[in-house]
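# Observations on chain architecture
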Amino acid sequence: MRRFAALAVGCVLSVPLPSAARPFTVSDLLAQERFGSVQVDSQQRWLIVQKFARWDSARRYDMDADTVLGLSRVRVFDLANKGAERPLDLGDPTAGYVPAGLSPNGEKLAVYKIAGHEVDVGVVTLSSGQVTWLGVTPRLPMIGRTLAWRDDQRLIVATRRPDALDSFFGYGWLAQSRLPPMWETAAKGGTAVSAFGSGRWLGLRAKGPAGALLSIDLESGRRTVLADETVVDLEVSPQGASVAALAEGEDLAPRQELARADESVRRRRLVVVDLTTGAKHDPLPAGDVITRLLSWAPSGDHLLVFARTGNRPWREGRYYQVAPDGRAEALAPPGLTPAMDGTQFKGALARGTWLDDAPVVRLVSGQRDDWWRITKAGPVNVTKDLPSQAQLLASDGRTLLMQAAGRLWRVGAHSARRLPKTAQARILRATDAGDRSPYATPRLQAAALIDGGGASLTTLAGERLAPLAPRETLVALAPQRGMRVGLSRDDHGVDVVEITGRDGQRQEVLSANANFAAIDFTQAQPIRHKGIDGETL
């Protein structure tokens, strides 16, 4: 028996055991990296990749949710040179660098520099990798866009005083820095309060110093103050002749209804500036303009916004067509009312775009809302032939890409065409307009179609590109070079950005969380069970 027992033990000991897997630890959690925005310039020469460094390498941790801005890094790759990296000489390696927008010719990149609590804006010449810092404190794109290129040599920038609160940037440390002096005042018997008024005293609440909207000429260095305003969103007209901006106005009295998380306590004023003459216009002097809709016509002749009077409910607001000289026209067709959407925080959202230089907005007629083109001859329902309420996916001013009843449609001013039943859309969204970005209408050039169960990938212009791999996400397009850029993640959480040519040749340019390859993660298994009414959950 002992002999058999010994043999059995020997057999057990001789069986090869699996190597112990390294577990995922808190240290791994704090060491995570991730990718942010990925974009290609207008000439499809440069690939710009934003990568966030590991959390445990942050310079400061008193910046609340904006700690990630100090972890942002910018990497540039040359698509004309087999994806070779173009090193950037940005200076301080411990600062955060956030891409802020490419120049129209694709030769320059504006960047924000976040060094602790200090913010600067610079311009990188991509061919050399050199940067010029402008020495101004920009407002960061939290609510909307705060920096835009007028042309290849001039920037429009919303700025603030360095000690002023910038929307949410500063929540993490400004209160802590301002409270001790107030405590000291109170300890000495002084008055240390924050006053909030109502009624006739509504404007009693203290406000920070106003910022300024600047025009900066990169060639001459000249800086021009366009408006002394605290600007939270801006949009330059397509030809660079005007800039429209949303500026903070007076306090609004709260309404007797449920407050929404993303509603402002101040009126948002529309300011339009003629960039040639410097003339400033206030088109809606009593209007509170909704955020997330600031859309110029392709011709630059009109601007589309949505506004309410005072603090009335948003559902009582109207769309307006505003001319560069400040003339505003309400778009209120008889029998039609605005169809309001909601943001992720349940705030009001109005949608609109342009089609053949006429505004297209969502309006309700009867039991259904549709997209209506507002012309001088009257409103035209451009989605009346679609089987159900349509979702706007992308637009180029001449064609709308829409989805209705699970199908894709190309909609023009006078007709609608259904795309193949198996076609699916992949939409690439810009990220440089703050909270407006997820809701703004993407350009048609930023859309691609997947068909044949993923076997084909084409742009809306019909340019064929290499199909996506099963676990790959499309993040950028360069069809002039026959290239696309994808992001993949493996079972260990390792992320890889790859360039793929039309022939299917793949080239890795950057990875994140490479150290996760040594971790064996458990596979999450769905648990099927019934809900309170017997439904499958």
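Structure report, in brief. (Residues numbered from 1 in each chain as written. Predicted model: local features only at pLDDT ≥ 70, side-chain atom pairs only at ≥ 80, totals over all residues. Heavy atoms only, no water.)

### Considerations on a nonpolar patch on the surface
Applied cut-off: For patches, a residue must show more than 30% relative accessible area and have no salt bridge; joins then use 9 Å for like charges and 5 Å for nonpolar side chains, namely Val, Leu, Ile, Met, Phe, Trp and Tyr. Only the protein chains shown count as cover for residues, and all accessible areas are computed by the Shrake-Rupley method using a 1.4 Å probe. Note on definitions: salt bridges are taken to be side-chain nitrogens of Lys or Arg within 4 Å of carboxyl oxygens of Asp or Glu. Under the scheme used here, helices are H or I runs from DSSP no shorter than 4 residues and strands are E runs no shorter than 2 residues, and both carry numbers assigned from the N terminus. We call a residue buried when its accessible area falls under 20% of the maximum for its residue type, exposed when it is over 50%, and partly exposed in between, using a 1.4 Å probe and counting protein chains only.
A contiguous nonpolar surface patch, about 640 Å² in accessible area, is contributed by Phe24, Val26, Leu29, Leu30, Trp55, Tyr61 and Phe521. Tracing the sequence through the fold places Leu30 in helix α2 (residues 26-30). What makes Leu30 partly exposed here is its relative accessible area of 36%.

### Structural notes on the pairing of strand β10 (residues 154-159)
Convention followed: What makes two strands pair is DSSP finding at least two bridges between them.
Most of β10 sits out of view: 5 of its 6 residues are buried. Here strand β9 (residues 147-149) folds back onto β10 in antiparallel fashion, the turn holding 4 residues.

### Some remarks on the pattern of salt bridges
A side chain of one charge can pair with a side chain of the opposite charge if their charged atoms are brought near each other. Using the criterion set out here, one finds 37 salt bridges in the structure. A salt bridge links Lys51 to Glu33; the shortest N-O distance between them is 3.7 Å. Of this pair, Lys51 sits in strand β2 (residues 46-52) while Glu33 sits in the loop between α2 and β1 (34-40); the two residues are 18 residues apart in sequence, bridging distant segments of the chain. Residue Lys51 is classed as buried on the basis of its relative accessible area, which comes to 12%. A salt bridge links Arg267 to Glu250; its shortest N-O distance comes to 2.8 Å. In this pair, Arg267 sits in strand β15 (residues 266-274) while Glu250 sits in strand β14 (residues 242-251), placing the two residues 17 residues apart along the sequence.

### Here we look at the sheet that holds strand β39 (residues 495-501)
Our working definition: Fitted lines through C-alpha atoms serve as axes, helices being fitted only where they are in contact, and the angles separating the N-to-C directions of these axes extend from 0 to 180 degrees.
Read from one edge to the other, the open sheet built from 4 strands follows the order β37-β38-β39-β40, with strand pairing classed as antiparallel. Only two strands of the sheet have a single partner each, and these edge strands are β37 (472-478) and β40 (506-512). Geometrically, the sheet is characterised by an average inter-axis angle of 25 degrees between neighbouring strands, direction not taken into account. Two elements, strand β38 (residues 483-489) and β39, share 7 bridges in a ladder whose sense is antiparallel. Across the sheet, Gly486 pairs through a bridge with Glu498, a residue of β39.

### Some thoughts on the packing of aromatic side chains
Within a pair of aromatic rings, the relevant descriptors are the distance that separates the centres and the angle that separates the planes. Put simply, the rule is: Pairing of aromatic rings covers Phe, Tyr and the six-membered ring of Trp, with a centre-to-centre limit of 6.5 Å; geometry is then stacked below 30 degrees between planes, edge-to-face above 60, and tilted otherwise.
Across all of its chains, the model carries 9 aromatic pairs by this definition. Consider the rings of Phe24 and Phe521, whose centres lie 5.4 Å apart with planes at 45 degrees: the pair is tilted. Note that Phe24 is positioned in the loop between α1 (2-14) and α2 and Phe521 in the segment after β40, a separation of 497 residues in sequence. Assessed through its relative accessible area of 36%, Phe24 is described here as partly exposed. Centre to centre, the rings of Phe306 and Tyr319 are 4.9 Å apart; their planes meet at 75 degrees, and the pair counts as edge-to-face.

### Details of the environment of Gly486
Along the chain, Gly486 falls in strand β38. Here Gly486 falls in the buried class, since its relative accessible area comes to 0%. A sequence separation of 432 residues divides Gly486 from Arg54, and the C-alpha atoms of the two residues are 22 Å apart.

### Some points on the nonpolar core
Generally speaking, a soluble globular protein has its nonpolar side chains buried in company with each other. Basically, it comes down to this: The term nonpolar core refers to a set of buried residues drawn from Ala, Val, Leu, Ile, Met, Phe, Trp, Tyr and Cys, joined through side-chain atoms within 4.5 Å. It only takes one pair of heavy atoms within 4.5 Å for two residues to be counted as in contact.
Membership of the largest hydrophobic core comes to 24 residues, with the highest contact counts inside it found for Leu69, Tyr112, Ile114, Leu140, Leu147, Leu155 and Phe169. Within the residue set of this core, elements represented by two or more residues are β5 (96-102), β6 (108-115), β7 (118-125), β9, β10 and β11 (212-217). Contacts of Leu155, omitting those with residues within four sequence positions, involve Val123, Leu134, Leu147, Ala148, Trp149, Leu214, Ser215, Ile216 and Leu218. Judged by nonpolar contacts, the second largest core, of 17 residues, contains Val40, Met483, Ile499 and Val509.

### Describing the sheet that holds strand β30 (residues 400-404)
The sheet built from 4 strands is open, its strands ordered β29-β30-β31-β32 with antiparallel pairing. The open sheet has two free edges, formed respectively by β29 (391-395) and β32 (416-418), since each of these has just one partner strand. Mean inter-strand twist for the sheet, computed between neighbouring axes without regard to direction, equals 30 degrees. The pairing of β30 with strand β31 (residues 407-411) spans 5 bridges and is antiparallel. Considered in β31, the bridge of Leu401 is made with Arg410.

### A look at unusual backbone geometry
Among all residues save glycine, negative phi is the norm, and among peptide bonds the norm is trans. Even without being glycine, Gln44 reaches a positive phi, approximately 60 degrees. Position of Gln44 relative to the elements: it lies in the loop between β1 and β2. Unusually for a residue other than glycine, Lys346 sits at a positive phi of about 70 degrees. Position of Lys346 among the secondary structure elements: in the loop between β23 (341-342) and β24 (348-349).

### Section: helix α3 (residues 174-187)
Cut-off, in case you're wondering: A helix is expected to span 1.5 Å for every residue after the first.
In this model α3 runs 21 Å from its N-terminal to its C-terminal C-alpha over 14 residues, within 8% of the 20 Å that 1.5 Å per residue would give. One or two steps after α3, the chain reaches Gly189, where phi turns positive at roughly 90 degrees.

### Topic: the environment of Leu71
Within the secondary structure layout, Leu71 lies in the loop between β2 and β3 (72-78). You can call Leu71 buried: its relative accessible area is 2%. Residues Leu71 and Val496, spaced 425 residues apart in sequence, show a C-alpha to C-alpha distance of 19 Å. Apart from the residues lying within four places of it in its own chain, the contact partners of Leu71 are Lys51, Phe52, Ala53, Arg54, Trp55, Ser57 and Ala58.

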